[in-house]
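Working through the structure, step by step
Listed below are the residues making up each chain.
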Amino acid sequence: MTATTAITVRVPAKVNLQLAVGPAREDGYHDLVNVFHAVALFDEVTVREPRPRAELPLVGLSVSGDLGPHLARVPLDATNLAARAARLVARETASATPVELHLHKRIPVAGGMAGGSADAAGALVACNTFWSAGLSDGDLLALAAELGSDVAFPLVGGTAVGTGRGEVLTPADSPGRYHWVFALAEGGLSTPDVFGEYDRLRPGAPEPAGDPELMAALAAGDAARLGAALSNDLERAALSLRPDLAGVLAAGRAAGALGAIVSGSGPTCAFLAASAAEAAEIAAALDASGRCAATVTTQGHADGARVVDPAED
Ligand code: ATP
């Protein structure tokens, strides 16, 4: 009999093309209008049978990647969002057996690109497949919403508008392909800290509203129009906590970016470029400026979580 011994799922980072933030709700969350855009910067989540050991936890966890000191900030205990996702799938199926979960990370940690949420989405798909749990796409979306506001989107990928806490997704009409440069920062920013700073700077914020110009730019596949329409209500708060990011945004704009924003809660900054060649030039200028730790050039949008390596023996 053949048995599945490992399942690997590739799952994308996101950038928010628009992030409109309403006032703090009574439950502490904020209502959002969040235009998510998946980019081809992927973490890989692998689920496999554990090596035999005397005491097996239901979910063992390890992590790898070239993120330097960032990697040490990924928790390897039960709080890891991917481990929590695995346990949620186990709750839904009688066939769950102990597993080792391995995260190969390329998405910056605490970088405003939803890396932890991506890993959680990857773990949902990988465990559902590994355990033959039979959960539908709708079931996985419901589990994703239990885990966090940003977990549903990396399941579906593409470009989508999130409302509510960001977890209610509507696919956007977006036929275009875009070239992006991401400037990665030393250190991270805590998402709750950035929302706290937002509330402090902007008490009584209005209800969040979508931007028709941004949606029209997406529908037209017009990169220049899209660049001009990018917006992020959290940017001011992120800049307040990390004033150095203003120089990063300015350097990218000076190098010809069509648009420049802090990605989500930061501190990663995102630059839209007119072409792959322009993206390479912007990245080179940012690297030369010494204002960021590293740059990544990539494209959007990208697919959501997909099984890539169902190794069998
Ligand atoms: P978002 O854009 O959704 O606000 P982010 O990209 O800023 O998130 P993450 O990389 O998701 O930030 O990490 C935020 C925190 O979550 C980390 O500092 C870490 O303590 C915790 N965390 C839990 N699970 C993971 C994971 N699998 N990968 C990275 N961080 C994780």
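Rules behind the numbers
- Residues numbered from 1 in each chain as written.
- Predicted model: local features only at pLDDT ≥ 70, side-chain atom pairs only at ≥ 80, totals over all residues.
- Heavy atoms only, no water.
- Domains from an automatic or database assignment.
- Contact = heavy atoms within 4.5 Å.
- Buried area = accessible area lost by both parts, 1.4 Å probe.
- Salt bridge = Lys/Arg side-chain N within 4 Å of Asp/Glu carboxyl O.
- Axes fitted to C-alpha atoms, helices over the stretch in contact; angles between N-to-C directions.
- Helix = DSSP H or I, 4+ residues; strand = E, 2+ residues; numbered from the N terminus.
- Parallel < 35°, antiparallel > 145°, perpendicular 65-115°, else oblique.
- Left-handed = near helix turned anticlockwise from the far one by under 90°.
- Nonpolar A, V, L, I, M, F, W, Y, C, P; charged D, E, K, R; others polar.
- Buried < 20%, exposed > 50% of the residue type's maximum accessible area, 1.4 Å probe, protein only.

The next point concerns the domain arrangement of the chain. Domains assigned within the chain are domain 1 (4-172) and domain 2 (178-300). The distance between the C-alpha centroids of domain 1 and domain 2 comes to 23 Å. Opposite the 32 residues of domain 1 that make contact, domain 2 presents 41 residues. Here domain 1 and domain 2 share an interface that buries about 2,600 Å² over both sides, 64% of which is from carbon and sulfur atoms. The largest per-residue losses of area from domain 1 upon contact with domain 2 belong to Leu17, Leu19 and Val21, which jointly make up 21% of the total buried on that side. Run the count over domain 1 and domain 2 and you get zero salt bridges.

This part covers the packing of helix H1 (residues 81-91) against helix H2 (residues 115-130). One way to put it is that H1 packs onto H2 with a least axis distance of 7 Å and a crossing angle of 30°. By the criterion of interaxial angle, the relationship of H1 to H2 is roughly parallel. In this structure, the crossing between H1 and H2 has a hand that is right-handed. Of the residues in H2, those touching H1 at Leu81, Ala82, Ala85, Ala86 and Val89 are Gly116, Ser117, Asp119, Ala120, Ala123, Leu124, Cys127 and Asn128. A class-by-class count of the residues in the contact of H1 with H2 yields nine nonpolar, three polar and one charged.

Turning our attention to the pattern of salt bridges. Going through the model one piece at a time under the given rule, you end up with 11 salt bridges. As a salt-bridge pair, Arg91 and Glu92 come within 2.9 Å of each other at their nearest N and O atoms. The exposure class assigned to Glu92 is partly exposed, which follows from its relative accessible area of 38%. A salt bridge links Arg200 to Glu197; the nearest nitrogen and oxygen atoms lie 2.9 Å apart. With Arg200 and Glu197 both in helix H5 (residues 191-201) and three residues apart, this pair spans about one turn of that helix. Given the relative accessible area of 56%, Arg200 is considered exposed. Members of the salt-bridge network, linked through shared partners, are Arg25, Asp27 and Asp31.

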